[in-house]
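The primary structure of each chain is shown beneath.
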Amino acid sequence: MTDAKVIPFDEDSRRRAAGSRGRGRRQAAPAAQAPREAEAGAAIPAQAAGGRPQEGLGASGEPGRGPGEADPPAPAQPSLGDALGAVADRLLGGPWERKVASGLAFLRRRVSGDYEVDEFGYDAELTDQVLMSLLRPLFERYFRVEVRGIENIPAEGGALVVSNHSGTLPMDGLMAQVAVHDHHPAGRHLRLLAADLVFMLPLVNELARKAGHTLACAEDAQSLLERGEVVGVMPEGFKGLGKPFSERYKLQRFGRGGFVATALKTGVPIVPCSVVGAEEIYPMVGDSRTMARLLGVPYFPLTPTFPWLGPLGLVPLPTKWTIQFGAPIPTDGYPPEAAEDPMLVFNLTDQVRETIQHTLYELLVQRRSVFF
């Protein structure tokens, strides 16, 4: 009998054989499960199964580059110009290119003199683009003016707006001008009649003329009304503007009714206007007559902040305002000679004054706070 050759079979060889059989079974399992996963709609990337990436799929199995293709380009980063343009859009409230172009065109017209003014010096373009822009933050954010009854001003034709006057400085007239300019549906302009002192001050004179204001005289008022303008007048004058704080919201005399005679001559409606909030911006607790005579002004106000705080005392208090335009009082039903009837003029003047005073009392009753 031939001796059989014995091959040694130790414990390590047994473990290696068992491991190879286990690997073979684990590699066959995905192939058996593939039909079921395909039926369930599951997509298995080739690389996840140990093979090469499928064509059109990236290394992560998502749509991307194929074999040999370059990396996709990185998304473009915004440039410094784009970032500055976005900031300018937010600050300027719109596409900054158009605003800058409009501003440059405006400057070119100012330098070349290519703009128009009327015989009173009114510059509509300067008023719309510059003066109103300077006053609008005070109107909207500082005094937070609430406008009522603006529709009582006619959409076309002349009208005479008669208002109370107060506040030590004539801020109420300027705020009424912004109210008509920004809130009237027809975008009308308020042409104010101002006192002689306004046109005696160097810089104030030029600005008042450019903004459309003119001297408070019957001739200028009649001329504007006949042209179909909205004219504003404050018959109290300096008596209302410089009255002490203890007499706030008490109307002073309306003069001799010259504004009513002008309205009768032109046949335009009279629109009463009541302003609440202006009395408290500079509470006038005293009047230095000596300083007033030295400076040649009607009064020199003493307030809780002026002149004690110097220039800081000129900052008005941030009161909450209400401007209400009342129902118009028609005058076109009177004959032309009615303007010469002193009794009729007096009665209409008293009617306008009582309407404004009554509205002031109503607004004060409704007001909950001076500042809020």
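Residues numbered from 1 in each chain as written. Predicted model: local features only at pLDDT ≥ 70, side-chain atom pairs only at ≥ 80, totals over all residues. Heavy atoms only, no water.

Draft legend 1. Representation of the overall build of the protein in the model. Of regular secondary structure, the protein possesses eleven helices and nine strands. Burial analysis of the protein (372 residues in total) assigns 36% to the buried set. Entry remark: accessible area of the protein is about 22,200 Å², with carbon and sulfur atoms responsible for 59%. (Helix = DSSP H or I, 4+ residues; strand = E, 2+ residues; numbered from the N terminus. Buried < 20%, exposed > 50% of the residue type's maximum accessible area, 1.4 Å probe, protein only. Areas by Shrake-Rupley, 256 points an atom, 1.4 Å probe, with all protein chains shown as cover.)

Draft legend 2. Layout of the environment of Ser-166. Position of Ser-166 relative to the elements: it lies in the loop between β2 (159-163) and α5 (171-183). Accessibility expressed as a relative area gives 1% for Ser-166, which makes it buried. Between the C-alpha atom of Ser-166 and that of Tyr-282, which follows or precedes it by 116 residues, the distance is 9.5 Å. When neighbours within four sequence positions are excluded, Ser-166 is seen to be in contact with Asp-172, Gly-240, Leu-241, Lys-243, Ala-278 and Glu-279. (Contact = heavy atoms within 4.5 Å.)

Draft legend 3. View of the packing of helix α4 (residues 124-142) against α5. At a minimum axis distance of 10 Å, the contact between α4 and α5 shows a crossing angle of 110°. Between α4 and α5, the interaxial angle falls into the category roughly perpendicular. The interaxial crossing formed by α4 with α5 has left-handed handedness. Contact residues: α4 offers Thr-127, Asp-128, Met-132, Leu-135, Arg-136, Leu-138 and Phe-139, while α5 offers Met-171, Leu-174, Met-175, Gln-177, Val-178, Ala-179, His-181, Asp-182 and His-183. (Axes fitted to C-alpha atoms, helices over the stretch in contact; angles between N-to-C directions. Parallel < 35°, antiparallel > 145°, perpendicular 65-115°, else oblique. Left-handed = near helix turned anticlockwise from the far one by under 90°.)

Draft legend 4. Spatial organisation of the packing of aromatic side chains. Under the counting rule described, the total for this entry stands at four aromatic pairs. Look at Phe-143 and Trp-321: their rings are 4.6 Å apart centre to centre, the planes differ by 25°, and that puts the pair in the stacked class. Here Phe-143 is found in the loop between α4 and β1 (146-148), whereas its partner Trp-321 is found in the loop between β8 (301-302) and β9 (322-325), with 178 residues between them in sequence. Judged by relative accessible area, Trp-321 falls into the buried class, the value being 0%. Measuring from ring centre to ring centre gives 6.1 Å for Phe-254 and Phe-259, while their planes differ by 75°; the resulting arrangement is edge-to-face. The same class applies to Phe-254 and to Phe-259, which are both buried. Taken together, the ring pairs connect Tyr-142, Phe-143 and Trp-321 into an aromatic cluster. In this arrangement the basic side chain of Arg-248 is found over the ring face of Phe-245, its NZ or CZ atom lying 4.1 Å from the centre. (Phe/Tyr/Trp six-rings, centres within 6.5 Å; stacked < 30°, edge-to-face > 60°. Lys NZ or Arg CZ within 6 Å of the ring centre and 35° of its normal.)

Draft legend 5. Region of the structure containing the confidence of the model for the protein. Overall, the predicted model of the protein reaches an average pLDDT of 81, with 74% of residues at or above 70. Element-level pLDDT for the protein is lowest in helix α1 (residues 11-39), with a mean of 44, against a maximum mean of 98 in β9. Counting contacts from residues 1-11, a segment whose pLDDT is below 50, to residues more than four positions away or on other chains yields one contact. Of the regions scoring below 50 in pLDDT, residues 17-62 engages in 24 contacts with residues more than four places distant in sequence or in other chains. (pLDDT = per-residue confidence, 0-100.)

Draft legend 6. Structural view of helix α11 (residues 342-366). Here α11 is 25 residues long and its end C-alpha atoms lie 36 Å apart, about the 36 Å a rise of 1.5 Å per residue gives. When α11 is considered as a whole, its buried residues turn out to be Leu-344, Val-345, Leu-348, Thr-349, Val-352, Ile-356, Gln-357, Thr-359, Leu-360 and Leu-363. Buried residues along α11 sit in contact with β1, β2, α9 (258-266), β6 (270-276) and β9. (Expected span 1.5 Å × (residues − 1).)

Draft legend 7. Expanded view of α9. Turning to α9, its buried residues are Phe-259, Val-260, Ala-261, Thr-262, Ala-263 and Leu-264. At the C-terminal side of α9, Gly-267 shows a positive phi close to 70°.

Draft legend 8. Main features of the sheet that holds strand β5 (residues 230-233). In space, the seven strands of this open sheet follow the order β1-β9-β6-β2-β5-β3-β4, with mixed pairing throughout. Each of the sheet's edge strands pairs with one partner strand only, and the pair in question is β1 and β4 (214-215). One ladder, built from three bridges, connects strand β3 (residues 190-194) with β5; its direction is parallel. Bridged to Leu-190 within β5 is Val-230. (Pairing = 2+ DSSP bridges.)

Draft legend 9. Layout of empty space enclosed by the protein. Evaluated as defined, the whole model comprises four cavities of 30 Å³ or more. The space that makes up the largest cavity amounts to roughly 60 Å³. For the lining of the largest cavity, the per-class residue count stands at six nonpolar, four polar and two charged. Put simply, the second largest cavity is a space of about 50 Å³. Here the lining of the second largest cavity is built from residues that sort into eight nonpolar, two polar and no charged. (1 Å grid on protein atoms, 1.4 Å probe; cavity = no way out; pocket = protein on both sides within 12 Å on 5 of 7 lines; lining within 4 Å. Points joined across faces, edges and corners; volume = space filled by probe spheres on them. Nonpolar A, V, L, I, M, F, W, Y, C, P; charged D, E, K, R; others polar.)

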